[in-house]
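Okay, here's what each chain looks like letter by letter:
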There are 2 protein chains.
Amino acid sequence: MKIRLHDRASFQPDRMAKVALAASPRMLVDLYCLEPGQAQKPHAHAEQDKLYVVLEGRVRVAVHGVEHVIEPGEAVVAAAGHEHGVVNDSGARAVLLVVVAPPPPHA
Amino acid sequence: MKIRLHDRASFQPDRMAKVALAASPRMLVDLYCLEPGQAQKPHAHAEQDKLYVVLEGRVRVAVHGVEHVIEPGEAVVAAAGHEHGVVNDSGARAVLLVVVAPPPPHA
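The structure presented is a predicted model; accordingly, all values stated were derived computationally and were not measured. (Residues numbered from 1 in each chain as written. Chains lettered and ligands numbered in written order. Predicted model: local features only at pLDDT ≥ 70, side-chain atom pairs only at ≥ 80, totals over all residues.)

A. Spotlight on the overall build of chain A. Each helix and strand in chain A was counted, giving 0 helices and 10 strands. Computed over the C-alpha atoms, the radius of gyration of chain A is 13 Å, within 12% of the 13 Å expected from 2.2 N^0.38 for a compact globule of 107 residues. With the C-alpha coordinates aligned to their principal axes, the bounding extent of chain A is approximately 35 × 35 × 25 Å. Across the 107 residues that make up chain A, the buried fraction comes to 38%. Sequence-distant contacts, at least 24 apart, represent 65% of the contacts inside chain A between residues at least 6 apart. (Helix = DSSP H or I, 4+ residues; strand = E, 2+ residues; numbered from the N terminus. Rg over C-alpha atoms; globule rule 2.2 N^0.38 Å. Buried ≥ 20, exposed ≤ 12 C-beta atoms within 10 Å, placed from the backbone. Contact = placed C-beta atoms within 7 Å.)

B. Just the sheet that holds strand β9 (residues 84–87) of chain A, in detail. Residue and element names in this part refer to chain A. With antiparallel pairing, 4 strands are arranged side by side in an open sheet as β4-β9-β6-β7. If you trace the sheet from one side to the other, it starts and ends with β4 (39–43) and β7 (66–70), each paired once. Taking the axes of each pair of neighbouring strands and ignoring which way they run, one obtains an average angle of 20 degrees across the sheet. Bridge count between strand β6 (residues 59–63) and β9: 4 bridges; the pairing is antiparallel. (Pairing = 2+ DSSP bridges. Axes fitted to C-alpha atoms, helices over the stretch in contact; angles between N-to-C directions.)

C. Representation of the pairing of strand β8 (residues 74–78) of chain B within the structure. Counted residue by residue, β8(B) has 5 buried out of 5 residues, so it is predominantly covered. One ladder, built from 3 bridges, connects strand β1 (residues 2–4) of chain A with β8(B); its direction is antiparallel. Bridged to Ile3(A) within β8(B) is Ala75(B).

D. Structural context of the nonpolar core. Core analysis: the biggest nonpolar cluster contains 58 residues, and Leu96(A) and Leu96(B) have the highest contact counts within it. Excluding residues within four positions of it along the chain, Leu96(A) makes contact with Leu31(A), Tyr32(A), Tyr52(A), Val53(A), Val54(A), Leu55(A) and Val59(A). (Core = buried A, V, L, I, M, F, W, Y, C linked by C-beta atoms within 7 Å.)

E. Here's a closer look at the interface of chain A and chain B. Chain A puts 27 residues into the contact, and the matching count from chain B is 27 residues. Where the side of chain A that touches chain B is concerned, the elements lending two or more residues are β1, β5 (49–56), β7, β8 (74–78) and β10 (94–101) of chain A. With 4 residues, the single largest contributor to the side of chain A that touches chain B is β8(A). A breakdown of the residues in the side of chain A that touches chain B according to their chemical character gives 17 nonpolar, 5 polar and 5 charged. (Nonpolar A, V, L, I, M, F, W, Y, C, P; charged D, E, K, R; others polar.)

F. Expanded view of the relation of the copies chain A and chain B. Its rotation angle being 180 degrees, the transformation that places chain A on chain B also includes 0.0 Å of axial translation and leaves an RMSD of 0.0 Å. When the rotation and shift are considered jointly, the pair of chain copies conforms to a two-fold rotation axis. For chain A, the minimum C-alpha distance to the rotation axis belongs to Ala101(A) and amounts to 3.1 Å. Residue by residue, 100% of the interface of chain A is reproduced at the interface of chain B, so both copies engage with the same surface. (Least-squares fit on C-alpha atoms with pLDDT ≥ 70 in both.)

G. Quick peek at unusual backbone geometry. Residues and elements named next belong to chain A. Ala101 connects to Pro102 through a cis peptide bond whose omega is -15 degrees. Examined against the element boundaries, Pro102 turns out to sit in the segment after β10. Of note in this structure, His64 is not a glycine but carries a positive phi near 55 degrees.

H. Local environment of the sheet that holds strand β2 (residues 17–23) of chain A. The strand order β2(A)-β3(A)-β10(A)-β5(A)-β8(A)-β1(B) describes an open sheet built from 6 strands, whose pairing is antiparallel. Edge strands, defined here as strands with exactly one partner in the open sheet, are β2 of chain A together with β1 (2–4) of chain B. Recorded for the sheet is a direction-independent mean angle of 25 degrees between the axes of neighbouring strands. Sheet analysis places β2(A) next to strand β3 (residues 28–34) of chain A, joined by 6 bridges and oriented antiparallel. Residue Val19(A) lies in a different strand from β3(A), and its bridge partner there is Leu31(A).

I. Inspection of the pairing of strand β6 (residues 59–63) of chain B at higher detail. Residues and elements named next belong to chain B. Of the two faces of β6, only the one carrying Val59, Val61 and Val63 is buried; Arg60 and Ala62 on the other face are not. Inspection of the sheet shows β6 paired to strand β7 (residues 66–70) by 5 bridges, in the antiparallel sense. Note that in β7 the partner of Arg60 across the bridge is Val69. Once β6 ends, the chain turns through 2 residues before running back antiparallel as β7, passing His64 with a positive phi of about 50 degrees.

Following this line, the structure appears as structure tokens:
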């Protein structure tokens, strides 16, 4: 199935929206859609890697104590066990492609 | 580490170039860089999912017998066990972000 990433973006007024694009026992593919000011709080997964790719907007991603400002065409990997979080402190909406492998046990 | 995806693209005259961006026991993140006419032959991984995201250009991805023409901002997932291949039959270079989870045993 072809996925048109930008067409799938969907926002929530009260918190970051996570849009599931694909899920298997091996990989989760989501969009994270953040209005200005929205965030996903820092957290860690013991056994999961997470790849962030910015599709639209600009966000601040903190991974293992290092902050990265990333824009379209830029990516950051949070390795298993490393705390990571994302904040949209820009003035515009942001859309990220996020891949998690393997899926967390609670997913 | 921030990855500037387009800066990492690198082409080979004789075959599709695969540029490793990140690798762990959980996930491989690569760029596939295809000159016009280059391809990755159809193949399958019994236990791996593969996500293709087009960053630049236009390619034809065949997954499990279905062909998809994908362009920037579009993606296709090849699930474990499903044959998949990619051809750049356009007249321009193509760059894809490819995530494989988990890495194949031979990777």
